[in-house]
Amino acid sequence: MKKLSVSLPGLEMKNPIMPASGCFGFGKEYAEFYDLSVLGAAAIKAATREPRFGNPTPRVAETHSGMLNAIGLQNPGVDQIMENELPHLQSYDLPIVANIAGSTEEDYCEVARKISLHPQVSVLELNISCPNVKEGGIQFGTDAATAAALTKKVKAVSAKPVYVKLSPNVSNITEMALAVEEAGADGLSMINTLLGMRIDLKTRKPVIANKTGGLSGPAIKPVAIRMIHEVSQAVSIPIIGMGGVSSAEDVIEFMLAGASAVAIGTANFVDPYICPEIISQLPELLEKMNVNHITELIGGSWKECGTPSLSR
Amino acid sequence: MKKEFVQVISQKEIAHQIFELKVQGEVIAEMTSPGQFVHLRVSDSFQPLLRRPISICDVDVESKTLTMLYRKEGAGTALLSQKREGETVDLLGPLGNGFPLDTLSSGQTALLVGGGIGVPPLYYLAKQLKRRGMNIVSVLGFQSEQDAFYNEKFAEQGEVFISTVDGSLGTKGFVTDVLKNEDINYDLLYSCGPTVMLKALEAQIPDANGFFSLEERMGCGIGACFACVCHVNGGAPSDYVKICSNGPVFPIGRVAL
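Residues numbered from 1 in each chain as written. Chains lettered and ligands numbered in written order. Predicted model: local features only at pLDDT ≥ 70, side-chain atom pairs only at ≥ 80, totals over all residues. Heavy atoms only, no water.

(A) Region of interest: the overall build of chain A. The secondary structure content of chain A amounts to 11 helices and 14 strands. For chain A, whose C-alpha radius of gyration is 18 Å, the value lies close to the compact-globule estimate of 20 Å for 312 residues. Overall, the C-alpha framework of chain A stretches about 50 × 45 × 40 Å when taken along its three principal axes. Each of the 312 residues in chain A was classed as buried or not, and the buried ones make up 62%. (Helix = DSSP H or I, 4+ residues; strand = E, 2+ residues; numbered from the N terminus. Rg over C-alpha atoms; globule rule 2.2 N^0.38 Å. Buried < 20%, exposed > 50% of the residue type's maximum accessible area, 1.4 Å probe, protein only.)

(B) Main features of the nonpolar core. Core analysis: the biggest nonpolar cluster contains 144 residues, and Leu-11, Ile-115 and Leu-188 of chain A have the highest contact counts within it. In contact with Leu-11 of chain A, other than residues within four places in its own chain, are Val-6, Met-18, Ala-41, Pro-95, Val-97, Ser-122, Val-123, Tyr-163 and Ile-240 of chain A. One finds Leu-104, Leu-122, Leu-140 and Val-249 of chain B within the second-largest nonpolar core, a separate group that totals 29 residues. (Core = buried A, V, L, I, M, F, W, Y, C linked by side-chain atoms within 4.5 Å. Contact = heavy atoms within 4.5 Å.)

(C) Region of interest: the sheet that holds strand 3 (residues 37-41) of chain B. All names here are of chain B. Reading across from one edge, 4-3-7-1-2-6-5 is the order of the 7 strands in this open sheet, with antiparallel pairing throughout. Of all the strands in the sheet, just strand 4 (52-55) and strand 5 (58-60) have a single pairing partner and so form its edges. On average, each strand axis in the sheet is inclined to that of its neighbour by 35 degrees, with strand direction left out of account. In the sheet, strand 3 pairs with strand 4 via 4 bridges, with the strands oriented antiparallel. Across the sheet, the residue bridging to Phe-37 is Ser-55, located in strand 4. Contacts between helix 2 (residues 120-131) and the sheet are confined to strand 4, strand 5 and strand 6 (65-71), with strand 5 contributing the most and set at about 50 degrees to the helix. (Pairing = 2+ DSSP bridges. Axes fitted to C-alpha atoms, helices over the stretch in contact; angles between N-to-C directions.)

(D) Expanded view of the interface of chain A and chain B. Taken together, the contact pairs 33 residues of chain A with 31 residues of chain B. For the chain A and chain B pair, buried surface summed over both sides reaches about 2700 Å², with 65% attributable to carbon and sulfur atoms. In terms of surface lost to chain B, no three residues of chain A exceed Phe-53, Glu-62 and Val-270 of chain A, which account for 24% of the buried area on that side. Between chain A and chain B we count 4 salt bridges in total. Seen at the junction of chain A and chain B, the total is 11 residue pairs in polar contact (both at pLDDT 80 or more). Every element with two or more residues in the side of chain A that touches chain B is listed here: helix 1 (28-31), strand 5 (60-63), strand 6 (66-69) and helix 9 (267-270) of chain A. Take the side of chain A that touches chain B: its biggest share by element is 3 residues, from strand 5 of chain A. The class makeup of the residues in the side of chain A that touches chain B is 16 nonpolar, 10 polar and 7 charged. (Buried area = accessible area lost by both parts, 1.4 Å probe. Salt bridge = Lys/Arg side-chain N within 4 Å of Asp/Glu carboxyl O. Polar contact = N/O pair within 3.5 Å; in protein donor to acceptor, adjacent residues only side chain to side chain. Nonpolar A, V, L, I, M, F, W, Y, C, P; charged D, E, K, R; others polar.)

(E) Highlighting helix 5 (residues 195-204) of chain B. Residues and elements named next belong to chain B. Where helix 5 is concerned, the buried positions are Met-197, Leu-198 and Leu-201. Looking down the long axis of helix 5, one finds its buried residues gathered within 100 degrees of arc, a one-sided arrangement. Opposite the buried face of helix 5, at more than 90 degrees from it, the exposed residues are Val-196 and Ala-203. Close packing links the buried residues of helix 5 with strand 8 (109-115), helix 4 (175-181), strand 12 (188-192) and strand 13 (210-213). (Arc of directions from axis to C-beta.)

(F) Quick look at helix 2 (residues 78-85) of chain A. Regarding helix 2 of chain A, the residues found buried are Val-78, Ile-81, Met-82 and Glu-85 of chain A. In an axial view of helix 2 of chain A, the angular spread of the buried residues amounts to 115 degrees, which keeps them on one side of the axis.

(G) Spatial organisation of the UniProt feature "binding site: FAD" (unreviewed entry) in chain B. Residue and element names in this part refer to chain B. Taking the numbering used here, the UniProt-annotated feature "binding site: FAD" (unreviewed entry) corresponds to Arg-52, Pro-53, Ile-54, Ser-55, Leu-69, Tyr-70, Arg-71, Gly-76 and Thr-77. Aside from chain neighbours lying at most four places away, what touches Ser-55 is Gln-36, Phe-37, Met-68, Pro-120 and Pro-121. With respect to the element layout, Thr-77 can be found in helix 1 (residues 75-80). With residues up to four places along the chain from it excluded, the contact list for Thr-77 reads Tyr-70, Arg-71 and Lys-72. (UniProt positions renumbered as here; feature names shortened; annotations may be inferred.)

Structure, rendered in structure tokens:
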């Protein structure tokens, strides 16, 4: 399995696969299905300073090859997470990516300072891209200067490397990526969900109580691939790629686009065993592709020809 | 709790748009608690993407046979209704927590109140409670006669009252009208149905003791996605339960309906 190992700032992963934040709770549910130590890492549900209940239901709606969700960052707050949710993870050989969110810069810094000191946490994932809360994410994620300022502040207080999770709901994602790289981000994770809506023909109202929700699942994969392909050529920090990954072939595609590791989100809801299944399929797929080590694939879609892609 | 491709034994439409699906598989031997559910993948493509939660209507542990009743409503259940004998279905389960069976003692009476597609899990419950020596009284509500099902099967377990909204079968109106008209003595209430029905029951019988099984849109079905959360009565604003993994069965009064 050595041919699957990847090394990113703060993350020594035995394979490039991790469940994505918000799709894995704090791991307890999936630990009933398999040994979490098989995972390369795991991103836990977003932590905020105070407990949050989240949005009213219905919170999810199915779409063609995807789903909308507007959970609203429900979580028991950073203190409870550190006390009650993180300890059980120490029984696994599993680097933890702690996703953090907030309403203000002070919120983010407080959560970052606290949770980065927890021994189970390997890196932070700065969530500036949740589309489902009025405050607590996206307002930091659509303006490059605001995102950079927040990144700098969080970096200053965090005891662990900081990855910034980017929103696809921007006109120029490379500009966002360059701004947070310049501000000191150790890595990027991309993409968060795309803002969407569904309307019920019977009630003539949006299906989701929050009206809008974040679109995820296979439907958004081409968007993620395009954005990673573009951003990975512009930055020198590694990218954790995500967006509709549901097979080992998808993982290869993300790495060819320029991702150094790959997170799996919605597919966990369809099949709780999806992460270990993909991990077990990767070696054979690499062999078929004549690849000695999975890191050879990173950026392979643009490195081979050596020509820079057209900038947008 | 595991994932298995179970084999379809039979499938038939037993009432208007109501299908009875019987499947066989090893995992079914674990389905001993009425009120639990299974999560079915109805297609191996991405359309539809998510699984469908279906309640457990009956289980024969010996032959590892599971009976499910579902209403063909959207694209997912339409696909499920096309499954034929010999085909397989990707089943995850059993999920959730079922009805407690030891709250009553032998000789006591359980009142089972079901509405529409909330009726099926009460059948397995009725059988299990009867086996434990309890008396069963069932009140089943449907839209109309053509939507009604399993009346005779419930009658094998005890007394049955039916209500239909249009009056084409039994009492005209709702299950609550049956409870108003009939003088039913019981020790514990078990109910499953639409939230409006459970709310009406709570309002009509404020001191009711027993259990409600709740419904909500689900994502994962295992407690990870936080799609199906509910507020709890008397808790902090941030307190919650997840219907899929903390429920779907809760003591009456626990969940804010």
